[in-house]
Amino acid sequence: MNTHNIEARKVRKIGNSYVVTLPPSILAELNLAEGDEVNFIKDGKKVNINKRENTSIDEDFLKLVDDIYQEHKETFERLADR
């Protein structure tokens, strides 16, 4: 990305949150689409933005799945035997 090509946006308040829209060129550069998550990395008085890669499964989700499996283990084993 050319750092000399500046595209400005306004900070807006929506409810209790503040939002900034991203220009289409930035979305394309970062390969972002609606629903993607981004990381904000503070570097002094600057902030870098990059696409958050979903490389692992959330630990809370894994615990929830294990709890459900343990609670219904007998049922799952009978289903597997069918």
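This text goes with the structure placed above it.
We now turn to the structure provided with this report. (Residues numbered from 1 in each chain as written. Predicted model: local features only at pLDDT ≥ 70, side-chain atom pairs only at ≥ 80, totals over all residues. Heavy atoms only, no water.)

Pairing geometry for strand β3 (residues 38-43) and strand β4 (residues 46-51), over 6 bridges, is antiparallel. Pairing of Asp43 across the sheet is with Lys46, part of β4. Where β3 folds back onto β4 in an antiparallel hairpin, the turn is made up of 2 residues, including Gly44, whose phi is positive at roughly 65°. (Pairing = 2+ DSSP bridges. Helix = DSSP H or I, 4+ residues; strand = E, 2+ residues; numbered from the N terminus.)

In total, this model carries 4 salt bridges according to the counting rule given. Here Glu37 and Arg52 are joined by a salt bridge, their closest N and O atoms 2.7 Å apart. Here Glu37, found in the loop between α1 (24-30) and β3, pairs with Arg52, found in the loop between β4 and α2 (59-71); they are 15 residues apart in sequence, far enough to count as distant. (Salt bridge = Lys/Arg side-chain N within 4 Å of Asp/Glu carboxyl O.)

Turning our attention to unusual backbone geometry. You will see that Asn31, though not glycine, has its phi angle at about 55°, which is positive. Tracing the sequence through the fold places Asn31 in the loop between α1 and β3.

Moving on: a nonpolar patch on the surface. There is a patch of nonpolar side chains on the surface, built from Ile57, Phe61, Leu62, Leu64, Val65, Ile68, Tyr69, Phe76 and Leu79 and spanning about 790 Å² of accessible area. Secondary-structure elements contributing two or more residues to the nonpolar patch are α2 and α3 (73-81). The element that contributes the greatest number of residues to the nonpolar patch is α2, accounting for 6 residues. With respect to the helices and strands, Tyr69 occurs in helix α2. A relative accessible area of 31% places Tyr69 in the partly exposed class. (Patch = residues over 30% accessible without salt bridge, like charges linked within 9 Å, V, L, I, M, F, W, Y side chains within 5 Å. Areas by Shrake-Rupley, 256 points an atom, 1.4 Å probe, with all protein chains shown as cover. Buried < 20%, exposed > 50% of the residue type's maximum accessible area, 1.4 Å probe, protein only.)

A word on the packing of aromatic side chains. Under the counting rule described, the total for this entry stands at 1 aromatic pair. Ring geometry for Tyr69 against Phe76: centres 5.7 Å apart, planes inclined by 15°, an arrangement best described as stacked. (Phe/Tyr/Trp six-rings, centres within 6.5 Å; stacked < 30°, edge-to-face > 60°.)

Along the polypeptide, Pro23 turns up in the loop between β2 (17-19) and α1. As a C-alpha pair, Pro23 and Asn48 span 25 residues in sequence and 15 Å in three-dimensional space. Those residues in contact with Pro23 that sit more than four places away from it in its chain are Glu7 and Arg9. (Contact = heavy atoms within 4.5 Å.)

Note that all results are geometric; they support no functional claim without further evidence.
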